[in-house]
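In case you want the letters, here they are:
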Amino acid sequence: MKTKICAALALSASLLGASAASAEEGFYYGGSIGGSSFNSGRGNFVETEGNSLTLGVVAGYSFELQNGWSAGVEGSFDFLTGGAMSYSNGQPSCTSRSPDWCDVDSIVRVRGFVGVPVNDNLEFLAMGGFATASGFAEDGPTTFVDSRAKGFTVGVGAQTQTGFGTTRFELIYDEMSNVTPNRYDKTLKVISLKTSILF
């Protein structure tokens, strides 16, 4: 997982050195690749944790503001290719009576953002909004079911124009605790690093 994150960082750093990063008003769409680290638990119960490669799509609308600033709204869908979770001793989750998540399949985010130009080559972004995850979780002693969690998402990013379109690199934090079904309260926290190409 660390190797995947380092590769994403290296790719993003090289792309951020490319041409201009002027914000353009209008609709955009694109795809992303990255890595996520997540954990789940409640109170003093043993937590589960996991890592996954993520593949996603994103679409949104950006508005030009004064002084080169921008703002907008976007939605994204991330598919986790290896979202199985385990306990710290390596034992797979969903094998004991602990209120936690067993597997995370996907994460959907709807968020707003503000972009601030740093120079002609770089724009910084601040993002926040709503997140929901789907997967498999414990909902009672030895009862494991398809589940959905809802919560908030925040993030920071940077983007620039390249020969491929707009290249964006971002760090995202999600925290979701409103779970359905909800016999067991449990929190899912996700930290993601993503690189996106937008058109």
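(A) Examining the overall build of the protein more closely. Secondary structure summary: the protein contains one helix and nine strands in total. The secondary structure elements of the protein, listed N-terminal to C-terminal, are α-β-β-β-β-β-β-β-β-β. In the protein, buried positions account for 44% of the 199 residues. Long-range contacts, defined as pairs at least 24 residues apart, comprise 66% of the intrachain contacts of the protein with a sequence gap of at least 6. Here the protein displays about 9,500 Å² of accessible surface, and carbon together with sulfur accounts for 59% of that area.

(B) Fine view of a nonpolar patch on the surface. Together, Phe 27, Tyr 29, Tyr 61, Phe 63, Leu 65, Trp 69, Val 73, Val 110, Val 114, Phe 130 and Phe 199 make up a nonpolar patch on the protein surface, roughly 1,100 Å² of accessible area in all. When residues of the nonpolar patch are traced back to their parent elements, those giving at least two are strand E1 (26-41), strand E2 (48-64) and strand E5 (101-119). By the secondary structure assignment, Phe 63 is in strand E2. We classify Phe 63 as partly exposed; its relative accessible area is 40%.

(C) Spatial organisation of the packing of aromatic side chains. Applying the stated rule across the entire model yields four aromatic pairs. Judged by centre distance (4.8 Å) and plane angle (55°), the rings of Tyr 61 and Phe 63 are tilted. Classification of Tyr 61 by relative accessible area gives partly exposed; the value is 32%. Through successive ring pairs, a cluster of aromatic residues spans Phe 27, Tyr 29 and Phe 199. The residue whose ring lies beneath Arg 168 is Phe 113, and the NZ or CZ to ring-centre distance is 6.0 Å.

Calculation criteria
Residues numbered from 1 in each chain as written. Predicted model: local features only at pLDDT ≥ 70, side-chain atom pairs only at ≥ 80, totals over all residues. Heavy atoms only, no water. Helix = DSSP H or I, 4+ residues; strand = E, 2+ residues; numbered from the N terminus. Buried < 20%, exposed > 50% of the residue type's maximum accessible area, 1.4 Å probe, protein only. Contact = heavy atoms within 4.5 Å. Areas by Shrake-Rupley, 256 points an atom, 1.4 Å probe, with all protein chains shown as cover. Patch = residues over 30% accessible without salt bridge, like charges linked within 9 Å, V, L, I, M, F, W, Y side chains within 5 Å. Salt bridge = Lys/Arg side-chain N within 4 Å of Asp/Glu carboxyl O. Phe/Tyr/Trp six-rings, centres within 6.5 Å; stacked < 30°, edge-to-face > 60°. Lys NZ or Arg CZ within 6 Å of the ring centre and 35° of its normal.

Any functional reading would require information that these geometric values do not contain.
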